[in-house]
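# Architecture at a glance
Here's the letter readout for the chains.
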Amino acid sequence: MSFLFGGRPQISSEQKIAQAEAEIDMVSDMYTRLVQSCSKKCIDNSYREADLNKGESVCLDRCVAKFFEVNVKVSEKMQGEAQNKSGGMFNM
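Residues numbered from 1 in each chain as written. Predicted model: local features only at pLDDT ≥ 70, side-chain atom pairs only at ≥ 80, totals over all residues. Heavy atoms only, no water.

The chain goes by Mitochondrial intermembrane space translocase subunit Tim10 in an unreviewed UniProt entry, where it is assigned to Lindgomyces ingoldianus.

Here it is, written out as structure tokens:
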């Protein structure tokens, strides 16, 4: 009943575990997409050298930075739209 007085309702342990598992799945999916996308773009399939060369290394660095920058922008956009939708419901 704490939510009636301005507090947040308590969530159960099962809900906390489910939220943590969903977050792990989301982060794992993002990491997989990052690796696939940047590897495909930056690393030659012939593997002529055991280590990354300078060009591949720079490409991967830039690709990862752009991936996270875009991810942040998309998240901010989605949060803004969600707030606009929820704000519109209260203005009825």
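There is more to say, and it comes next.
Within the structure shown, the criterion is met by two disulfides. What pairs with C38 in a disulfide is C63, and their sulfur atoms sit 2.0 Å apart. Measuring handedness by torsion sign, the sulfur bridge of C38 and C63 sits at about -85 degrees and is left-handed. In this pair, C38 is assigned in helix 1 (residues 13-42) and C63 in helix 2 (residues 54-90), connecting sequence segments 25 residues apart. On the basis of relative accessibility, which here comes to 2%, the residue C38 falls in the buried class. You can call C63 buried: its relative accessible area is 10%. Each disulfide pairs two cysteine sulfurs, and for C42 the partner residue is C59, the sulfurs being separated by 2.0 Å. In this structure the cystine formed by C42 and C59 twists about its S-S bond by roughly -65 degrees; its chirality is therefore left-handed. One end of the pair, C42, is in helix 1; the other, C59, is in helix 2, with 17 residues separating them in the sequence. Residue classification places C59 among the partly exposed positions, given a relative accessible area of 22%. Among the cysteines of the chain that take part in disulfides, numbered as they appear in the sequence, the pairing is 1-4, 2-3. (Disulfide = S-S within 2.5 Å. Helix = DSSP H or I, 4+ residues; strand = E, 2+ residues; numbered from the N terminus. Buried < 20%, exposed > 50% of the residue type's maximum accessible area, 1.4 Å probe, protein only.)

What the rule picks out here adds up to one aromatic pair. With centroids separated by 6.1 Å and ring planes inclined at 85 degrees, the aromatic side chains of F67 and F68 adopt a geometry described as edge-to-face. Relative accessible area serves as the criterion here: at 17%, F67 is assigned to the buried category. (Phe/Tyr/Trp six-rings, centres within 6.5 Å; stacked < 30°, edge-to-face > 60°.)

In this section: helix 1. End to end, helix 1 covers 43 Å across 30 residues, agreeing with the expected 44 Å (1.5 Å per residue, within 8%). Among the residues making up helix 1, those that are buried are M30, L34, C38 and C42. (Expected span 1.5 Å × (residues − 1).)

What follows covers the nonpolar core. Membership of the largest hydrophobic core is limited to eight residues, which are M30, L34, C38, C42, I43, L60, C63 and F67. Counting only elements with at least two residues in this core, the list comes to helix 1 and helix 2. The element that contributes the greatest number of residues to this core is helix 1, accounting for four residues. (Core = buried A, V, L, I, M, F, W, Y, C linked by side-chain atoms within 4.5 Å.)

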